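Inside the fold
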Amino acid sequence: MGRAPSDGRASGAADPYGAEDPLTAGGGPQGSDPEPGQLDLEERNALRRVAGLSTELEDVTEVEYRSLRLERVVLIGVWTGGTQADADNSLIELKQLAETAGARVLEGLTQRRSRPDPATYIGRGKAEELAGVVAATGADTVICDGELAPGQLRQLEEAVRVKVIDRTALILDIFAQHARSSEGKAQVELAQLNYLLPRLRGWGHSLSRQAGGSSGGVGLRGPGETKIETDRRRINTKMAKLRRKLAQMSTAREIKRDRRRTRQVPAVSIAGYTNAGKSSLLNRLTGAGVLVEDALFATLDPTVRRAQTPDGRAFTLSDTVGFVRHLPHQLVEAFRSTLEDVADADLIVHVVDASHPDPEQQLASVREVFADIGAQDVPELVVLNKTDAADPVDVKRLRTREPDAVEVSARTGEGVDAVIAAVAAALPELQNEVRVLVPYDRGDLVSRVHQEGRIVSEEHTGEGTALHAWVPALLAGKLREYEAALS
């Protein structure tokens, strides 16, 4: 099943800092090789044939073990609190998730209840009505706007007679489609197995056979082990291997973090709701060439780039996985090593889609995740993106709620200079002033001053390079021996 290309754009704007670092150089001259993000976008939108798309109930013997391939779907949500607009916005977001996964949404329904029905999520009577809607529209999948218990999933499926999945399974499927790096794939697989483990169930007798038992014959008698118990054991074994693998990858990531901490380079993390424009802003600031698509969770793998403030201070800028309301806890746990970049940052650039119908809910949902990963105390800079498409009244209301927010349009570039200035003002100041004469054979120290410090003046003399600069404490200690030469 192929999806039509979206109207998203892959942006590779020039570095506004004018940096010559190859990490920050954006896009090449006309006719040069395409950027990685553009290649990813073309591959994602390519037509491809997928075998075995049938999701009829009689063809789901191994359905729990294969990727979700959705076609015609009906959405159903239970409205337990808030306004009707809140319920509609939640279902609209579910529609966007389903379309990102490759589905065609036929109908969307909400029901007002004090709490979801413990048996069928929407109640027996409403389940029969839903079955009629499914039959009338020809849908082959029902997606529920919430996480269903294993019993609710099974009984609702029996009532509507088509495949039923919940919001968590849908998000996990999108992550499985979009993960590119080995770490991202391992994190998604761990989250999927975590979700699958309590939901294993048998179709017919295939998962209820005994591996031993009194009738097993010579050498096979005993209590035996059912097929479903064997599957649980294999899943637990696989999860243990994935956790060890991720722990090794986390060690490598921690070594890189320690190297940046040793050099005292400030770290800035771009975080926010999915599809708020984080990757577009990273491309605009550093020319990173990251994939940009008008879809939820388009990019999952973190990207780190070096940048500089207008006064010459170096810092790292990292793009993180997007958040969403009711982000599955399995994903938060599996991606914890990646999300630690946010908790360890010196500054969080919180990107908000100002054109979204409910940006306040986006702010609240993202800050809930910040609390989950221990990043609630990190300094935060709110950036209102997509102001070119937002209603000015809505932007003014957001500015009232977030008075220190910065307005920007990553698509047009308007307001980017204001973001740069705000980031520079929020970064920790360099506290060590040095006036040194560095010999020419210690060009490595001069290079580090350029990379890590802020140069006030620089002069090349007959004895060496005379520098007046502000630098980190560790670098100041290495330069101290050359202060006497200057005096």
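The following refers to the structure shown. (Residues numbered from 1 in each chain as written. Predicted model: local features only at pLDDT ≥ 70, side-chain atom pairs only at ≥ 80, totals over all residues. Heavy atoms only, no water.)

Some remarks on the overall build of the chain
Convention followed: Put simply, DSSP H or I for four residues or longer makes a helix, DSSP E for two residues or longer makes a strand, and each gets a number counted from the N terminus. Classification of residues uses two cut-offs on accessible area relative to the type maximum, computed with a 1.4 Å probe and protein chains only: under 20% is buried, over 50% is exposed, and between them is partly exposed. In short, Shrake-Rupley with a 1.4 Å probe defines the accessible areas, and a residue's cover is counted only from the protein chains shown.
Helix and strand counts for the chain stand at 16 helices and 13 strands. Considering the chain as a whole, with its 487 residues, one finds that 49% of them fall into the buried category. Summed over its atoms, the accessible surface of the chain is roughly 23000 Å², and 50% of this surface lies on carbon and sulfur atoms.

Considering the pattern of salt bridges
Rule in force here: By definition here, a salt bridge exists when the distance from a side-chain nitrogen of Lys or Arg to a carboxyl oxygen of Asp or Glu is within 4 Å.
The full count for this structure, using the stated rule, is 19 salt bridges. Taking the shortest distance from any N to any O, the salt bridge between Lys95 and Glu99 comes out at 2.6 Å. Highlighted residues: Lys95 and Glu99, both in helix H2 (residues 84-100), separated by 4 residues, approximately one helical turn. What makes Lys95 partly exposed here is its relative accessible area of 35%. Under the relative-accessibility criterion, Glu99 is labelled partly exposed at 35%. In this structure, the salt-bridge partner of Arg397 is Asp394, at a minimum N-O distance of 2.8 Å. Of this pair, Arg397 and Asp394 are both found in helix H12 (residues 392-401), 3 residues apart, which corresponds to roughly one turn of the helix.

Focus: the packing of aromatic side chains
Convention followed: Note on ring pairs: Phe, Tyr and Trp rings are taken, using the six-membered ring of Trp, and paired if centres are within 6.5 Å. Classes follow the plane angle, with under 30 degrees stacked, over 60 edge-to-face and the rest tilted. Comment: the charge-over-ring label is applied if NZ (Lys) or CZ (Arg) is within 6 Å of the ring centre and within 35 degrees of the ring normal.
The final tally for this structure, using the stated rule, is 1 aromatic pair. Here Phe323 and Phe370 contribute two aromatic rings whose centre-to-centre distance is 6.1 Å and whose plane-to-plane angle is 85°, an arrangement assigned as edge-to-face. With a gap of 47 residues between them, Phe323 in the loop between strand E7 (314-319) and helix H9 (329-334) and Phe370 in helix H11 (residues 359-372) connect regions that are remote in the sequence. By relative accessible area, Phe370 is classed as buried at 3%. Above the ring of Trp79, the side-chain terminus of Arg112 is found at 4.3 Å from the ring centroid.

Observations regarding the sheet that holds strand E3 (residues 141-144)
Where we set the bar: Criterion used throughout: strands pair if DSSP finds at least two bridges between them. The axes are straight lines fitted to the C-alpha atoms, using for helices just the contacting stretch, and the angles between their N-to-C directions are given from 0 to 180°. Here, two residues are considered to be in contact whenever any of their heavy atoms come within 4.5 Å of each other.
Within the open sheet, the 4 strands sit side by side as E2-E1-E3-E4. Their pairing is parallel. In the strand order of this sheet, the two ends are held by strand E2 (104-112) and strand E4 (163-166), each with one partner. The sheet shows a mean angle of 20° between the axes of neighbouring strands, direction not considered. Pairing of strand E1 (residues 72-79) with E3 involves 4 bridges; the strand directions are parallel. By the bridge assignment, Ile76 is partnered in E3 with Cys144. Helix H5 (residues 167-178) contacts E3 and E4 of the sheet and is inclined by roughly 80° relative to E4.

Some words on the packing of H11 against H12
Running from N to C, H11 and H12 cross one another at 35°; their axes reach a closest spacing of 11 Å. Counted together, Pro359, Glu360 and Leu363 of H11 and Arg397, Leu398 and Arg401 of H12 form the full contact between these two elements.

Examining the sheet that holds E7
One open sheet accounts for 6 strands, arranged E6-E7-E5-E8-E9-E10; its pairing is mixed. The open sheet has two free edges, formed respectively by strand E6 (303-308) and strand E10 (406-407), since each of these has just one partner strand. Here E6 runs beside E7; their pairing, made up of 6 bridges, is antiparallel. The residue of E7 that forms the bridge with Thr303 is Asp319.

Re the environment of Thr320
Looking at where Thr320 falls in the secondary structure, it is placed in the loop between E7 and H9. A C-alpha to C-alpha distance of 7.2 Å links Thr320 and Leu339, two positions 19 residues apart in sequence. Apart from residues lying up to four places away in sequence, Thr320 is in contact with Ile270, Ala271, Lys278 and Val342.

So, unusual backbone geometry
Here the phi dihedral of Tyr121 falls at roughly 75°; this positive angle occurs in a residue that is not glycine. With respect to the helices and strands, Tyr121 occurs in the loop between E2 and helix H3 (124-137). Despite not being glycine, Lys386 shows a phi value in the positive range, around 60°. Assignment of secondary structure puts Lys386 in the loop between strand E9 (380-385) and H12.

Quick word on helix H4 (residues 150-160)
Spelled out, the test is: Note: the arc covers the axis-to-C-beta directions of the helix.
Buried within H4 are the following residues: Gln152, Leu153, Leu156, Glu157 and Val160. What you see down the axis of H4 is that its buried residues fit within an arc of 125°, all on one side. Looking at the buried residues of H4, the elements they touch are H3, E3 and E4.

Overview of the nonpolar core
In plain terms, the rule: Nonpolar cores are built from buried Ala, Val, Leu, Ile, Met, Phe, Trp, Tyr and Cys residues. Side-chain atoms within 4.5 Å join them into one set.
Residues Phe323 and Val423 are the most contacted members of the largest nonpolar core, which totals 61 residues. With residues near it in sequence (within four places) discarded, Phe323 still touches Ala271, Gly272, Tyr273, Thr274, Leu339, Val366, Val369 and Phe370. Counting residues in each nonpolar core, the second largest holds 18 residues, with Tyr121, Val134, Leu153 and Val160 among its members.

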